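Inside the fold
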Amino acid sequence: MSSSARRRRYLRTAIGLAAALVLSVAGAGAWFYHRLDNNITTFDPGGVATERPPAAVPASPGAQVPVNVLLLGSDTRDGGNDSLGGGDEGVGHSDTAILVHIYADHKHAVGVSIPRDTLVTIPSCKLPNGSWTTPKNDQMFNSAFTVGLAESGNPACTQNTVEKLTGLRIDHTVVVDFKGAAAMSDAVGGVEACVPNDVNQFGIHLKKGLQKLSGQSAVDYLRARHGIGDNSDIGRMKRQQAFLSSMIKKVQGQGFSLPTLLPLADAATKSLTVDEGLGTAMKLVDFARSIQDIKLSDVSFVTAPWRFAGERVRLVQPDADALWKLLREDRTLDGQSTSGTGQVTSSPGADPGAPATPLTPEQAAAPITVVNGVGTPGLAGSGAETLKARGFRSITLGPNSPGQQATQVSYDPALKAVADQVVALFPGAKAVEEPGSGAITVALGADYRGAGTRLDAVAAPSPEPGAGTAPGAAAGAPAAAAPAGAGAAPGATAGSTPGALPGGVPTGIAENTRTADTDPCANLTFG
């Protein structure tokens, strides 16, 4: 056989092997997607209200829009969940509700926890027999999920309730049960979490300290309320926020590769109930890919501003309405706009008349620790938001250290140029050299007022869904996307580009906020 004939034969063989490989992979992929599709359960879209806040529209042709995802945790004992959660089978409840707002730049996100005992108006909801309920005032928020007494709950009713409460259109709703939480924590090889004390009651057994939790222990950590921390639902939400932060960190650390994502997707979809917009494996994958560039430091969690009202909870005003308004305008919690570049424009603590010099990549990456030197809840979180607004990216919250009268910025001499910019964000702060530290520490003292100033510009009451928005304007889109003279925020210039809002962060928001890169053992109680 001639050499040219052999080359042609080898070429045909190689092409054949390549074709076989491609077909095998494609076939395996199709099989796996089909398997995931069969895992997913969707809820009836007919239960979603017809009168809703308007959908977001792009600020310019081809631009991305904000996305709101309602994440619900179901405590149903049906479908084998009784072995993980204990108790009897029956009507499912949702004691966990997190509204995730993904900003239009798809590089920032915030998760808002809504306390289960919050007194709200539950709008008209569809029952299993096809009829609709009448609206009811002053109802516990988590009772929306039980309307109709279905074993799988009523996620559409909870979605309607959140839209009524916030004026935000919910794009997707996802319900996860005990099996889902256990399977996903197993799929990523365990999640680092901090247990504030030994727990040995109600069938839950956990040891104090920072540890890796998965399976049953992860479920116990997420659902425990009595005998752990401050024995409250608020404290449980804070632990759930810390757990989700650690899970995000774990997945991002492992990368968005198939060996990481496929087991996680398989585990998740077996115990998910979703809206039809996420009702196939491909839709879930496409959604995950759309948010894979969000950094851990650009994810925040906040508990909706609250106060006790007897045995129940009421939202604190005007702070709660300020929070909803910030999200409808696609602003960060400190009033900054992320539209266009995905970066905030200026610091809320800086002189608005003085343009800030952009940070170099090295300066933005300088390690900064923020310490609450007073003990006021949320003080360190407010200081961290001020630094993030300036562009700093490597920020952690240190343990509380009460007794600090004056704010102090200690720094390694090698970081003096960065420290000078940090000091400028905290008027009156004292700069102190700390050779060999290799970092910058901001100890907030009693003179720091960043967390205590309310945002009058965002204190207007939330409108009814569909009201107060210019025709064609997006409820969650930046004001710049609306036509001139229409849909502008109160106190804002019609058609102006959103920038920094004055005055810092409302107290009710600042004291209830944690960033996803916060120490998992910090801020696990409300006291």
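Our subject is the structure listed above.
Residues numbered from 1 in each chain as written. Predicted model: local features only at pLDDT ≥ 70, side-chain atom pairs only at ≥ 80, totals over all residues. Heavy atoms only, no water.

Time to look at the packing of aromatic side chains. With the rule as written, the count across this model stands at two aromatic pairs. With a centroid separation of 6.1 Å and an interplanar angle of 35°, the aromatic rings of Tyr-221 and Phe-243 are classed as tilted. Linking Tyr-221 in helix H5 (residues 215–223) with Phe-243 in helix H6 (residues 233–254), this pair joins segments that are 22 residues apart in sequence. Across the pair, Phe-243 and Tyr-221 agree in class, each one buried. Taking 4.9 Å as the distance between ring centres and 75° as the angle between the ring planes, the aromatic pair formed by Trp-306 and Phe-308 counts as edge-to-face. (Phe/Tyr/Trp six-rings, centres within 6.5 Å; stacked < 30°, edge-to-face > 60°. Helix = DSSP H or I, 4+ residues; strand = E, 2+ residues; numbered from the N terminus. Buried < 20%, exposed > 50% of the residue type's maximum accessible area, 1.4 Å probe, protein only.)

This structure, assessed with the given rule, holds two disulfides. Between the sulfur of Cys-125 and that of Cys-157 lies a disulfide, 2.1 Å long from S to S. Because the sign of the S-S torsion sets the handedness, a value of about 75° for the bond joining Cys-125 and Cys-157 places this disulfide among the right-handed ones. In this pair, Cys-125 sits in the loop between strand E5 (119–122) and strand E6 (136–140) while Cys-157 sits in helix H3 (residues 155–166), placing the two residues 32 residues apart along the sequence. As far as burial versus exposure is concerned, Cys-125 and Cys-157 are alike and both buried. For Cys-194, the disulfide goes to Cys-521, at an S-S distance of 2.1 Å. Across the disulfide from Cys-194 to Cys-521, rotation about the S-S bond amounts to roughly 100°, and the bridge is consequently right-handed. Placement of Cys-194 in strand E8 (residues 191–195) and of Cys-521 in the segment after strand E21 (513–515) is noted, with a sequence separation of 327 residues between them. Within the protein, bonded cysteines paired by disulfides and numbered along the sequence follow the pattern 1-2, 3-4. (Disulfide = S-S within 2.5 Å.)

The strand order across the open sheet built from five strands is E17-E16-E20-E18-E19, with neighbouring strands paired in mixed fashion. A strand with exactly one partner marks an edge of an open sheet, and here the two such strands are strand E17 (395–397) and strand E19 (430–433). On average, each strand axis in the sheet is tilted by 20° relative to the strand beside it, whichever way the strands run. Note: strand E16 (residues 368–372) against E17, three bridges, orientation parallel. Looking at E17, one finds that Ile-368 is bridged to Ile-395. (Pairing = 2+ DSSP bridges. Axes fitted to C-alpha atoms, helices over the stretch in contact; angles between N-to-C directions.)

Let's shift gears to the side chain of Gln-159. Locating Gln-159 in the fold gives a position in helix H3. Apart from residues no more than four positions distant in its own chain, Gln-159 is found in contact with Phe-43, Val-48, Arg-52, Leu-70, Ile-170 and Thr-173. (Contact = heavy atoms within 4.5 Å.)

Here we come to the pattern of salt bridges. The full count for this structure, using the stated rule, is 12 salt bridges. Linking Asp-95 and Arg-236 is a salt bridge whose minimum nitrogen-to-oxygen distance equals 3.8 Å. Of this pair, Asp-95 sits in the loop between helix H2 (82–85) and strand E3 (96–102) while Arg-236 sits in helix H6; the two residues are 141 residues apart in sequence, bridging distant segments of the chain. A residue is classified by how much of its surface remains accessible, and Asp-95, at 15% relative accessible area, is buried. What makes Arg-236 buried here is its relative accessible area of 6%. Linked by salt bridges that have partners in common, Asp-95, Arg-116, Asp-117, Asp-233 and Arg-236 make up one network. (Salt bridge = Lys/Arg side-chain N within 4 Å of Asp/Glu carboxyl O.)

This paragraph deals with the environment of Val-505. Assignment of secondary structure puts Val-505 in the loop between strand E20 (440–444) and helix H13 (507–510). The class for Val-505 is buried, based on a relative accessible area of 5%. Along the primary structure Val-505 and Ser-382 are separated by 123 residues, whereas in three dimensions their C-alpha atoms are 6.8 Å apart.

Next up on the list: H6. Between its first and last C-alpha, H6 extends 31 Å over 22 residues, near the 32 Å set by a 1.5 Å rise per residue. Where H6 begins, the side chain of Ser-232 points an oxygen toward the backbone nitrogen of Ile-234, at a separation of 3.3 Å. After H6 finishes, the residue Gly-255 shows a positive phi value of roughly 90°. (Expected span 1.5 Å × (residues − 1). Polar contact = N/O pair within 3.5 Å; in protein donor to acceptor, adjacent residues only side chain to side chain.)

The next subject is the packing of helix H4 (residues 178–187) against H5. Where H4 contacts H5, the axes come no closer than 8 Å and their chain directions differ by 125°. Judged by the inter-axis angle, H4 sits oblique to H5. Relative to H5, the crossing made by H4 is right-handed. Facing Phe-178, Ala-181, Ala-182, Ser-185 and Asp-186 of H4, the residues of H5 in contact are Gly-215, Ala-218, Val-219, Leu-222 and Arg-223. Residues of the contact of H4 with H5, tallied by class, amount to six nonpolar, two polar and two charged. (Parallel < 35°, antiparallel > 145°, perpendicular 65-115°, else oblique. Left-handed = near helix turned anticlockwise from the far one by under 90°. Nonpolar A, V, L, I, M, F, W, Y, C, P; charged D, E, K, R; others polar.)

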